[in-house]
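Coordinate inspection notes
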Amino acid sequence: MSANSHQIARLVRPRSVAVIGASADPAKTAGRPVSYLTRHGFAGAIYPVNPKVETIGGLRCYADIGSLPEVPDVGIVLLGAERAHIAVRELAQRGTGAAIVLASGYTETGEVGARRQAELLEAAGSMRLLGPNTIGLVNVTDRIPLSASGALEMENFPAGNIGVVSQSGGILGALLSRAAARGIGLSKLVSTSNEVDLDLADFVDYLADDPATQVIALYVESVRHPEKFRAAALKAAAAGKPVVAFKIGRSEAGARAAVSHTGAMAGADRMYDALFRQVGVIRAQTFADLIDIPAALATARTLRGNRVAVLTSTGGAGTLVSDALGVSGFETPAPDAETAARLRALQKGDHAALDRNPIDVTLAGLQPDLLRGAIRALLASPSYDAVTIIVGSSALAMPELMADAIHDCLPESDKPVLAYVSPHAPHVAAVLNQRGVPAFSAPESCAVAFEAMLAASRLSTVRDTPAGALPNVDTHDIPSGSLDEAAAKQLFARFGVPVVREAVVAGADEAVAAARPFGDRVVLKMLSSTITHKSDVGGVAVGIAPDALPARMARMADEVRAHTGSAPERYLVQEMVQGGVELILGTHRDALGTAILLGMGGVTAELFQDTTMRLLPDAGGLSHDTAASMIRELKTWPLLDGYRGRPKADIDALADAIVAFSNMAASLGARLVEAEINPVFVLPAGQGVRAADGVVVMGE
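Keep in mind it's a predicted model, so treat the numbers as computed, not measured. (Residues numbered from 1 in each chain as written. Predicted model: local features only at pLDDT ≥ 70, side-chain atom pairs only at ≥ 80, totals over all residues. Heavy atoms only, no water.)

1. Remarks on the confidence of the model for the protein chain
With 95% of its residues at a pLDDT of at least 70, the protein chain reaches an overall mean of 93. Confidence over residues 253–258 falls short of pLDDT 50; this stretch has five contacts with residues more than four positions distant or in other chains. (pLDDT = per-residue confidence, 0-100. Contact = heavy atoms within 4.5 Å.)

Rendered as C-alpha cells:
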C-alpha cells in the first residue's frame, strides 16, 4: 500500500472521530454525524466538541479540541466557512490524521471563497483534508458513516464491493439510496467536492488497494490533476478493478474558437473520451448506468464473447432484450442441437419454442426445477457466452423462488447471468440483486451491462505504451503567431513527416517554371498566414496545367479580392497527389493534456466526424503501436484496408507520420497552440504518405 493509501486508510477506517460543532439536536445537520455514528454501530471512540452542552446522544461533550482525551484519527468540522480553518489548524496541531470540512462558501462562491480555501489548506499543514463543501464519506464495509447526508436516515444499507467517489455531495446520497433500494451493495462512498487536498485520483488509488472493493464508480465534474488520475486508473486496471465514470458537462462548448478543423472536433468531452479510453475507464453514458454497470461488473464474471442466450416465458419481453442486444452488436443465435435436446427433455408437451433465441419456455406457475434445468443447459452450451433471463409477472408473488433458482446455478459457470424484470417490480429486482443476479428494469440496460463486461475483460491489456526518445530538432527559429502553409509544412518535415513537393512563387512566369518538374497537372493555392480555410475564399485550384497557371492566378486573385478585400501577394504551386485516401492529422491541447487526432480528412472532415484521439504520455510522443491502433479505430478503416478492390494503403508509413507529428507536438509543448495536416494523402502500400496542407499556430 502506498504512503498516500496509508494516510487515506486512517481517514476511511478511523479508530476515533471528533465532531467539531456537534449539535445536541439530531434533527439538525450538525446533529447528524454523531447520531449516524452511534446508530450505525461505529465501534470506535466518538468525541463531540461543543462548549455549550455537557452531553450529546449520551456521549460526553468536550469544550474544545485541546480538551480531547486523545488525538482523533478524523475530525468532522461542522463550523461555518468563517471559522472552519481555526478548527482545522487545532486538529492539525494535535496530530489528527484528516479533517472533513462540510461548510460551503469557498471557491464555488468566488474570490473571497477562494482566499478562504487557501487559508484552510495552509491551516491543515501536513494533515489531510476532505472537502470543503463535502457531505463526507461512508465506509459501508466497516459501518463507519462520516457524513451528514440525510440518506443515512435509513436503518440499513447493504455492504458490497462497489466503491463510489463523487465530486458532488448530493449525488453521494442519491447513489447510496438508489443502490440500497435496489439491493446493490456498496463498500465505500466518498464526496470529494472542492478537492482542496484529497481528490478523485487519491481515492481511486486507495480503492485499488482496498480488498473490500472490486469495482470503482466515479461521478466526475472535472479531473483536476490529469497525471495523478491516469496513474491511479492504471493502477486500478492492473489490479483487475474496473473503473466506471459518469462525466457531466458533455454539452459544454469549447473554451475558445478554433482555427483548425481539429480544434472544432476535439472538444473537452472528446478529450475525456480519449483519457478514459487510454486508462481503461468505462464511461457511463447515463446516470442510471452509473449503478447498472458496476452492479453487473461486481459479479466478477467473465464475458468472453458476444453470443447471448435470452431465456423467457413471455415472448414480448424476450424480443425487447434481444433487439437491444442486436443494436449493440451482440448475437442471439439459436441453440445448438445438443442444447436444444437438453431443453426439450425438460418440458412436456409442445408449448416451448426451443429452436430459436429468445428461448421461450413455459414457466406456468413458476417451476423452479424447470428454470434451473434450462439455465444449466444454457450455461453449459458452447453456443453462448452469457445468459439473460426474463423475469415475468409469475415472479411477483414469490420473487425468492425465482431468485434462488437462478442463484443455485451460478457456481456451475463463470459466464455472466443477468435478469430483465419485465413488470414494474422493484422488490423483485432487489431480491435478485441481493442473490448476486444483476437485475434491470430496462431492456437496454442488459446490453449496456454486457458492453461494459466486454470492456472489463480487456483490462489486463490496458497500459501506457512507452514512447520512444524525442528527436533532437532545433525549433528556436520558429516565430510566434500563425505560420503560412509553406512554413507549416517545413516544420512538419523537420520532424520527419513527408510533405508534397512545392514552391512559393509571386508571379505567373515563376509559377510556370516551378510547376514543370511536378508533372502535367498541379495545385495552385494562395499563401496566407491568416486565412487557413483557403478554399472558402476561392484560394485553391486543383488539376491546373502548368501553361494555364497565369490565367488561373489572375482569376484566383479576383476571387480572393472579392471575398477578402485584397489579392494574394504570394502563391504556392504543388505537385498534385492522386490515388490516395485523404486523412486529417491534428493536435489539440486543453487542461487534460495534449491530444493527437486522426480522422477522415478533406473539406468534409467536420461533416463526417470520423475521428479518434490519443493523449500524449507524460514525456515523448505516441508509440508506433498506438498510432497503428488509432488507424484501425476509424469507421473508414476499410477504405485503407483494400475495401472493394481498392489498393491497400501504406499503413506503416501513415503510422510513422502520426508518430513524427506527435513528436513535434511533444517537443514544442506549450509553445504549440494548434497544428493540423488536412489532408494527409495515404498512398498505396509502399508509396508512403504526403502532407498536402498545413496549419500551425505558435504561442509566445
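2. A look at the domain arrangement of the protein chain
In terms of domains, the protein chain is made up of domain 1 (1–133), domain 2 (135–298), domain 3 (307–434), domain 4 (501–575) and domain 5 (581–698). For domain 2 versus domain 4, the separation of C-alpha centres amounts to 54 Å. (Domains from an automatic or database assignment.)

3. Focus on the nonpolar core
Core analysis: the largest hydrophobic core is formed by 59 residues, its most contacted members being Ile76, Ile100, Leu146, Phe203, Leu218 and Phe229. Residue contributions to this core peak at seven residues, all from helix 6 (residues 200–209). Leave out the neighbours within four places in its chain, and Ile100 touches Leu11, Val74, Gly75, Ile76, Val77, Leu130, Thr134, Gly136, Leu137 and Leu146. One finds Ala295, Ala298, Ala449 and Ala456 within the second-largest nonpolar core, a separate group that totals 51 residues. (Core = buried A, V, L, I, M, F, W, Y, C linked by side-chain atoms within 4.5 Å. Buried < 20%, exposed > 50% of the residue type's maximum accessible area, 1.4 Å probe, protein only. Helix = DSSP H or I, 4+ residues; strand = E, 2+ residues; numbered from the N terminus.)

4. A word on helix 16 (residues 443–457)
With 15 residues, helix 16 should reach 21 Å at 1.5 Å per residue; the first-to-last C-alpha distance of 22 Å fits that figure. Buried residues of helix 16: Pro443, Ser445, Cys446, Ala447, Val448, Ala449, Phe450, Ala452, Met453 and Ala456, and no others. (Expected span 1.5 Å × (residues − 1).)

5. What about the sheet that holds strand 15 (residues 308–312)?
Ordered by their spatial adjacency, five strands build an open sheet running 16-15-17-18-19, and the pairing between neighbours is parallel. Whereas interior strands pair on both sides, the edge strands pair on one side only; in this sheet they are strand 16 (359–360) and strand 19 (439–440). Bridge count for strand 18 (residues 417–421) against strand 19 is two bridges, and the pairing is parallel. Note that in strand 19 the partner of Tyr420 across the bridge is Phe440. Along the sheet, helix 13 (residues 368–380) makes contact with strand 15, strand 16, strand 17 (386–391) and strand 18, crossing strand 15 at roughly 170 degrees. Here helix 15 (residues 426–434) sits on the sheet and contacts strand 17, strand 18 and strand 19; the angle it forms with strand 18, its principal contact strand, is near 170 degrees. (Pairing = 2+ DSSP bridges. Axes fitted to C-alpha atoms, helices over the stretch in contact; angles between N-to-C directions.)

6. Overview of the side chain of Asp336
Looking at the secondary structure, you find Asp336 in the loop between helix 11 (315–327) and helix 12 (337–346). Separated by 2.8 Å, the side chains of Asp336 and Thr339 make a polar contact. A polar contact is formed between the side chain of Asp336 and the side chain of Ser381, at a distance of 2.8 Å. Each residue touching Asp336, except ones within four places of it in the same chain, is listed here: Ser381, Pro382 and Ser383. (Polar contact = N/O pair within 3.5 Å; in protein donor to acceptor, adjacent residues only side chain to side chain.)

7. Let's talk about the sheet that holds strand 1 (residues 16–20)
Strand pairing in a sheet relies on backbone hydrogen bonds. The paired strands run either parallel or antiparallel. A sheet is described by the order of its strands in space; here five strands give the open sequence 2-1-5-6-7, paired in parallel fashion. Each edge of the sheet is formed by a strand with only one pairing partner; in this case those strands are strand 2 (45–49) and strand 7 (128–130). Sheet twist, expressed as the average angle between the axes of neighbouring strands with direction ignored, equals 20 degrees. Bridge analysis of strand 6 (residues 98–101) against strand 7 gives three bridges, and the strand direction is parallel. If you follow Ala99 over to strand 7, its bridge partner there is Leu129.

8. Digging into the environment of Ala174
Here Ala174 lies in helix 5 (residues 169–181). Taking the relative accessible area as the measure of exposure, Ala174 reaches 15% and is therefore buried. Considered as a pair, Ala174 and Ala692 are 518 residues apart in the sequence and their alpha carbons are 53 Å apart.

9. What to know about the pairing of strand 18
The element strand 18 is largely enclosed, with a buried count of five among its five residues. Residues of strand 18 alternate between two faces, with Val417, Ala419 and Val421 on one and Leu418 and Tyr420 on the opposite face, all of them buried. Bridge count between strand 17 and strand 18: five bridges; the pairing is parallel. Within strand 18, the residue paired with Ile390 across the bridge is Tyr420. Taken together, strand 17, helix 14 (residues 399–409) and strand 18 constitute a β-α-β crossover, and its handedness is right-handed. (Right-handed = clockwise from strand over helix to strand, strands pointing away.)

10. With respect to the side chain of Ser147
Tracing the backbone through its elements, the reader meets Ser147 in strand 9 (residues 144–147). Within the structure, the side chain of Ser147 is placed 2.7 Å from the backbone oxygen of Ile135, a separation counted as a polar contact. In terms of polar contacts, Ser147 uses its side chain to reach the backbone amide nitrogen of Ser149, at 2.9 Å. Ser147 has contacts with Pro33, Tyr36, Ile135, Gly136, Leu137, Val138 and Leu152, leaving out every residue within four places of it along the chain.

11. Considering the environment of Ser16
By the element assignment, Ser16 lies in strand 1. According to the relative accessible area criterion, Ser16 is buried, its value standing at 2%. On a C-alpha basis, the gap between Ser16 and Glu70 in space is 8.6 Å, while along the polypeptide they are 54 residues apart. The contact partners of Ser16, leaving out residues within four places of it in the chain, are Phe42, Ala45, Tyr47, Glu70, Val71, Pro72, Asp73 and Val74. A polar side-chain atom of Ser16 sits 3.1 Å from the main-chain amide nitrogen of Asp73.

12. Some details on the packing of aromatic side chains
Describing an aromatic ring pair means giving the distance of the ring centres and the angle of the ring planes. Going through the model one piece at a time under the given rule, you end up with eight aromatic pairs. With centroids separated by 6.3 Å and ring planes inclined at 90 degrees, the aromatic side chains of Tyr219 and Phe287 adopt a geometry described as edge-to-face. You can see Tyr219 sitting in strand 12 (residues 215–220) and its partner Phe287 sitting in the loop between strand 14 (281–283) and helix 10 (289–297), a full 68 residues away along the chain. Ring centres 6.2 Å apart and planes at 55 degrees place the aromatic pair Phe229 and Phe276 in the tilted group. Here Phe276 lies in helix 9 (residues 268–279) and Phe229 lies in helix 7 (residues 226–238), a separation of 47 residues in the sequence. For the pair Phe229 and Phe276, one class covers both residues: buried. In this structure an aromatic cluster arises from ring pairing among Tyr219, Phe246 and Phe287. Sitting above the plane of the Tyr272 ring, Lys247 keeps its charged end 4.6 Å from the centroid. (Phe/Tyr/Trp six-rings, centres within 6.5 Å; stacked < 30°, edge-to-face > 60°. Lys NZ or Arg CZ within 6 Å of the ring centre and 35° of its normal.)

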